[in-house]
Amino acid sequence: MKHFLTLKDFKKEEILEMLALAIQIKRDFLDSKECNLMHKKTLGMIFEKNSTRTRVSFEAGIYQLGGMGIFLSNKEIQLSRGESIEDTARVISSMLDMIMIRTFEHSRLEDFARYSSVPVINGLSDLYHPVQVMADYLTMIENGIFVKEDIFDSKHHMTPKVAYIGDGNNMTHSWLMLSAKMGFDINVATPKGYEPNAHILQEAREMARDTGAKINLYEDPLVAIKNCNVVVTDTWVSMGQEEEKMQRQKIFADYKVDEVLMQNAHPDAIFLHCLPAYRGQEVASSVIDGKQSRVFQEAENRLHAQKGIMVWLYQNSKK
Ligand code: CP
Ligand code: NVA
């Protein structure tokens, strides 16, 4: 059974297959062509954390593919009253065709997947947010960061550079995996003590040996952003870290992506942020609302990228 918990578990070719599906499905959707690739299929969506984009894009996405989504809030299901992950997974996977989970510890997803008889998708955990970076990659392709033909022919002539500025969190980890798998360079700038998880960094560096991606860590955002083609940031206070808010706002103060910092990136660089964004903190309003920002295209691409992922999983788990 194939689950989509982290990009680590997929070959580059498989990720490209999902993206090719996403591009085709998006084209058909924008042409108002019906797409029933998941006709009468059901997607359960368990949310143990808040969400706007993930919930709406998965629920609308499965419906637009001919199926339906069932929203399962943590507050309403028995899981939060002590029913085990094992029992929950066994029961609901016997009734559904696919399950998406947004949770805290990544191990909860792994446990769930172990007992699920249908594919499980990570809709964000404390460690990873892989569906988000699939939408981010799609946005990079659409913005000509890569030559599209090169990507799908696996002839990578361009090595664009991504700069990730801010907290070494679930988004950073997913960007590291994406860079290592797809073969583009990434510079990560974080304050001391907020670097990405050392184990994930090591795994990404090992995978990067196969694709030639270079992964560099910096403390100085000015150095990390130099000449980069894509500039990425995320909130300084992820879900579950609310108690550290004041302290984090002080520690990260020099990591705001503002116009001065952006001037050090490549002049054609695009700006990405998974959202929700906190204007005036990790990003200045002038940047997120500025010419280089692609954040709303990126958010919309959640819908299309996830359709590609769902269809790919569905087709590949039938085999
Ligand atoms: N980017 C993202 O996952 O947004 P939500 O938290 O609103 O789902
Ligand atoms: N790092 C953020 C991402 C939100 C989509 C969080 O985990 O809250």
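To keep things clear, this report deals only with the structure shown in the data block.

Each value, and the rule that gives it
Residues numbered from 1 in each chain as written. Chains lettered and ligands numbered in written order. Predicted model: local features only at pLDDT ≥ 70, side-chain atom pairs only at ≥ 80, totals over all residues. Heavy atoms only, no water. Phe/Tyr/Trp six-rings, centres within 6.5 Å; stacked < 30°, edge-to-face > 60°. Buried < 20%, exposed > 50% of the residue type's maximum accessible area, 1.4 Å probe, protein only. Near = heavy atom within 4 Å. Polar contact = N/O pair within 3.5 Å; in protein donor to acceptor, adjacent residues only side chain to side chain. 1 Å grid on protein atoms, 1.4 Å probe; cavity = no way out; pocket = protein on both sides within 12 Å on 5 of 7 lines; lining within 4 Å. Sits in = over half its atoms within 2 Å of the grid points. Nonpolar A, V, L, I, M, F, W, Y, C, P; charged D, E, K, R; others polar. Areas by Shrake-Rupley, 256 points an atom, 1.4 Å probe, with all protein chains shown as cover. Pairing = 2+ DSSP bridges. Helix = DSSP H or I, 4+ residues; strand = E, 2+ residues; numbered from the N terminus. Axes fitted to C-alpha atoms, helices over the stretch in contact; angles between N-to-C directions. Salt bridge = Lys/Arg side-chain N within 4 Å of Asp/Glu carboxyl O. Parallel < 35°, antiparallel > 145°, perpendicular 65-115°, else oblique. Left-handed = near helix turned anticlockwise from the far one by under 90°. Contact = heavy atoms within 4.5 Å.

### Description of the packing of aromatic side chains
Here is step 1 of the chain: A full pass over the atoms with the stated rule returns 8 aromatic pairs.
Here is step 2 of the chain: Ring centres of Trp175 and Phe184 lie 6.2 Å apart, and the angle between their planes is 75 degrees; on these two criteria the pair is classed as edge-to-face.
Here is step 3 of the chain: Residue class for Phe184 comes out buried when judged on its relative accessible area of 0%.
Here is step 4 of the chain: Following the ring pairs from residue to residue traces out a cluster consisting of Tyr194, Trp236, Phe252 and Tyr255.

### Description of the site of ligand 2
Here is step 1 of the chain: Around ligand 2 sit Leu124, His129, Asn169, Asn170, Asp234, Thr235, Ser238, Met239, Cys274 and Leu275, and those are all the residues in its vicinity.
Here is step 2 of the chain: Asp234 is positioned with one of its side-chain polar atoms (N or O) 2.6 Å from a nitrogen atom of ligand 2.
Here is step 3 of the chain: Put simply, ligand 2 lies in the largest pocket.
Here is step 4 of the chain: Partitioning the shell around ligand 2 into residue classes produces 4 nonpolar, 5 polar and 1 charged.

### Quick notes on the site of ligand 1
Here is step 1 of the chain: In the neighbourhood of ligand 1, the contacting residues comprise Ser51, Thr52, Arg53, Thr54, Arg102, His129, Gln132, Cys274, Leu275 and Arg302.
Here is step 2 of the chain: Residue Ser51 places a side-chain N or O atom 2.7 Å away from an oxygen atom belonging to ligand 1.
Here is step 3 of the chain: Here an oxygen atom of ligand 1 and a side-chain polar atom of Arg302 are 3.0 Å apart.
Here is step 4 of the chain: Relative to its unbound accessible surface of 260 Å², ligand 1 loses 95% to contact with the protein.

### Observations regarding the sheet that holds strand 1 (residues 42–47)
Here is step 1 of the chain: Read across the open sheet, the 4 strands follow the order 2-1-3-4; overall the sheet is parallel. Among the strands making up the open sheet, the edge pair consists of strand 2 (68–73) and strand 4 (120–122). Strand-to-strand twist in this sheet, taken as the mean axis angle between neighbours without regard to direction, amounts to 20 degrees.

### Let's talk about the pattern of salt bridges
Here is step 1 of the chain: Using the criterion set out here, one finds 13 salt bridges in the structure.
Here is step 2 of the chain: Glu86 is the partner of Arg90 in a salt bridge, and the nearest nitrogen-oxygen pair spans 2.9 Å. Linking Arg90 with Glu86, this pair stays in helix 3 (residues 85–93), spanning 4 residues, or about one helical turn.
Here is step 3 of the chain: Under the relative-accessibility criterion, Arg90 is labelled partly exposed at 47%.
Here is step 4 of the chain: For Glu86, a relative accessible area of 28% gives the class partly exposed.

### What about the packing of helix 5 (residues 130–142) against helix 7 (residues 170–182)?
Here is step 1 of the chain: One way to put it is that helix 5 packs onto helix 7 with a least axis distance of 9 Å and a crossing angle of 55 degrees. It follows that helix 5 is oblique to helix 7 by the angle criterion. At the point where helix 5 passes helix 7, the crossing takes the right-handed sense. Contacts from Pro130, Gln132, Val133, Asp136, Tyr137 and Met140 in helix 5 reach Met171, Ser174, Trp175, Leu178 and Met182 in helix 7.
Here is step 2 of the chain: Considered class by class, the residues forming the contact of helix 5 with helix 7 number 8 nonpolar, 2 polar and 1 charged.

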